[in-house]
Amino acid sequence: MRQSCENVAKYGDCPTNIKPRHVTVVLNPSAKKRKARKLFEKYCEPLLHLAGISVTVIDTQSGSHARGIITNLETPTDAIIVAGGDGTLSDVVTGLMRKYESNLHSVKQCPIGVLPLGSTSTIASVFYREYEDLADVHHMIDATMAVIQNNLTSIDAVEIKLLENDPENPVKPIYAVDGIKWGAWTDTHARIDKYWYWGFLRKYAAYVFSGYKSDLNWRCNAVLKYTNPCEGCSRCYSKESYNESVNMNRRWWHAFLPRKQTFVPDNRVDYSKVTNEDCDTFYEMPISTTELCIRTENTKNLPVQSAPSLKIALGPDNINYAAFVEKGWKQEMNNESPVNSILDAKDIQLYPEITNENQMFYIDYEEYELKPVEIRLLPQSVTIFCPESNS
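Residues numbered from 1 in each chain as written. Predicted model: local features only at pLDDT ≥ 70, side-chain atom pairs only at ≥ 80, totals over all residues. Heavy atoms only, no water.

S.K.: Talk me through the overall build of the protein; I want residue IDs and the actual numbers.
M.R.: Along the protein, the regular secondary structure elements total 12 helices and 16 strands. Taken across its 391 residues, the protein has 49% of its residues classed as buried. Carbon and sulfur atoms make up 49% of the accessible area of the protein, which totals about 19,700 Å². (Helix = DSSP H or I, 4+ residues; strand = E, 2+ residues; numbered from the N terminus. Buried < 20%, exposed > 50% of the residue type's maximum accessible area, 1.4 Å probe, protein only. Areas by Shrake-Rupley, 256 points an atom, 1.4 Å probe, with all protein chains shown as cover.)

Quick look at the structure:
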């Protein structure tokens, strides 16, 4: 920490106009067993102040509160820092997307810092290297340094919205950076904290005691419609993707100010002139499985694909109790997924067979009622801070 402070002090001594000068921190005070604030104030906030960055901290009060905070945020800021887990990050991304529904480019101009303070921090785990000792502290310092050094990269997002929406009381879309999970292992993972009295064994106890329960989603039956990935064509062409590098020196809060919209083409391919007859053509596939995962490519160090895509993965059709516990333990210990990828897709429509009202699926590990949904990929639509080696 002392070494980091010495390295950061030079940013405060020699301020430049390309570094963030003000950040808004969305803090989940219940994260890290209610230690999130203490950890932030001890390891992150001092570095930001030493770098000459003004910090505004906003606490989330309850579930989904972060969405309202971002949607209603009027104070100009250079970046938003998420001090929490995957659920808080999803809420912040959702708030930004809803705020600028008509201008995706403005969303991308607002960089997001991710401090790994939640029980699950999937995006942070991809970018930050492993440490043998004090890993949590090192990751918080690395995440803060990424903000100070202004190292940026872009990641995919997905838009999830109801297929059967009430026009009189419409439900707004949810946005995520990881994806959707539905099934027995996901249900059990969500129950881990209920076995708190088992201490560090609670992850393993959850699978032992939940494996015989009938209220798990053992049978995920659905009709899945999907489109194939597309490298870019006239059907999926958009001006935002064509000129996203224009005016990148503008701050994201300049969107509050009126300005003349201009369209300046760059040297990339003009996808408005590319024809792909297969684009937006839906194919239908019935599924029956114990686990369904639809994830972005953000969560793994996957080779770069020519066409952005969502990964659709399925678990086994049937599984016995012993295999269920074994695969669950491997998932918790080694992050070994109990599902296998079967195909890539761009846009998806999921029509689940709903057998009771208590069935749930999980968007970035947050619980939602199981309903027919449309899942749309938004490639490279979110800008986040990352270590220099990944920028």
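S.K.: Any chance you could break down the sheet that holds strand S11 (residues 310-314) for me, citing the residues and the numbers?
M.R.: Overall, antiparallel pairing links the six strands, which are arranged S12-S11-S10-S7-S14-S15 in an open sheet. One side of each edge strand has no neighbouring strand; the edge strands of this open sheet are strand S12 (340-345) and strand S15 (366-369). On average, adjacent strands in this sheet sit at an angle of 25 degrees to one another, irrespective of strand direction. By the bridge criterion, four bridges tie strand S10 (residues 291-295) to S11 in an arrangement that is antiparallel. Paired with arginine 295 across the bridge in S11 is lysine 311. (Pairing = 2+ DSSP bridges. Axes fitted to C-alpha atoms, helices over the stretch in contact; angles between N-to-C directions.)

S.K.: Describe in detail the packing of aromatic side chains, supporting the description with residues and values.
M.R.: Counted according to the given criterion, the structure contains nine aromatic pairs. Measuring from centroid to centroid gives 6.4 Å for tyrosine 195 and tyrosine 197, while their planes differ by 50 degrees, and the two rings are tilted. Residue tyrosine 195 is classed as buried on the basis of its relative accessible area of 8%. For tyrosine 197, a relative accessible area of 52% gives the class exposed. A ring pair is formed by tyrosine 226 and tyrosine 283, whose centres lie 5.9 Å apart and whose planes are at 35 degrees; its orientation type is tilted. Here tyrosine 226 is found in strand S8 (residues 220-226), whereas its partner tyrosine 283 is found in strand S9 (residues 283-289), with 57 residues between them in sequence. According to the relative accessible area criterion, tyrosine 226 is buried, its value standing at 14%. On the basis of relative accessible area, tyrosine 283 is assigned to the partly exposed category, the value being 33%. Through a chain of ring-to-ring contacts, the aromatic side chains of Tyr195, Trp196, Tyr197, Trp198 and Phe209 assemble into a single cluster. (Phe/Tyr/Trp six-rings, centres within 6.5 Å; stacked < 30°, edge-to-face > 60°.)

S.K.: Requested: an account of the environment of glutamate 388, with residues and values cited.
M.R.: With respect to the helices and strands, the residue glutamate 388 is situated in the segment after strand S16 (373-385). As a C-alpha pair, glutamate 388 and threonine 153 span 235 residues in sequence and 9.6 Å in three-dimensional space.

S.K.: Residue-level account of the packing of helix H10 (residues 202-210) against helix H12 (residues 321-334), with values.
M.R.: Close contact between H10 and H12 brings their axes to 9 Å; oriented N to C, the two are set at 160 degrees. When the axes of H10 and H12 are compared, the pair comes out roughly antiparallel. As for how H10 packs across H12, the hand of that crossing is right-handed. When H10 is examined against H12, the residues Lys203, Tyr204, Tyr207 and Val208 are found in contact with a partner set consisting of Tyr321, Phe324, Val325, Gly328, Trp329, Gln331, Glu332 and Met333. In terms of residue class, the contact of H10 with H12 is built from eight nonpolar, two polar and two charged. (Parallel < 35°, antiparallel > 145°, perpendicular 65-115°, else oblique. Left-handed = near helix turned anticlockwise from the far one by under 90°. Contact = heavy atoms within 4.5 Å. Nonpolar A, V, L, I, M, F, W, Y, C, P; charged D, E, K, R; others polar.)

S.K.: Please give an account of the state of the cysteines that cites residues and values.
M.R.: Such a bond, covalent and formed between the sulfur atoms of two cysteines, is termed a disulfide. Taken as a whole and assessed by the stated rule, the structure comprises zero disulfides. With no disulfide of its own, cysteine 293 has cysteine 220 as its nearest cysteine by sulfur position, at a separation of 9.5 Å. (Disulfide = S-S within 2.5 Å.)

S.K.: A description of a nonpolar patch on the surface should follow, citing residues and the corresponding values.
M.R.: Together, Trp196, Tyr197, Trp198, Phe200, Leu201, Phe209, Tyr212 and Tyr321 make up an exposed nonpolar region whose accessible area comes to about 990 Å². The residue tryptophan 196 is located in the loop between helix H9 (184-190) and H10 in this model. Judged by its relative accessible area of 63%, tryptophan 196 is exposed. (Patch = residues over 30% accessible without salt bridge, like charges linked within 9 Å, V, L, I, M, F, W, Y side chains within 5 Å. Salt bridge = Lys/Arg side-chain N within 4 Å of Asp/Glu carboxyl O.)

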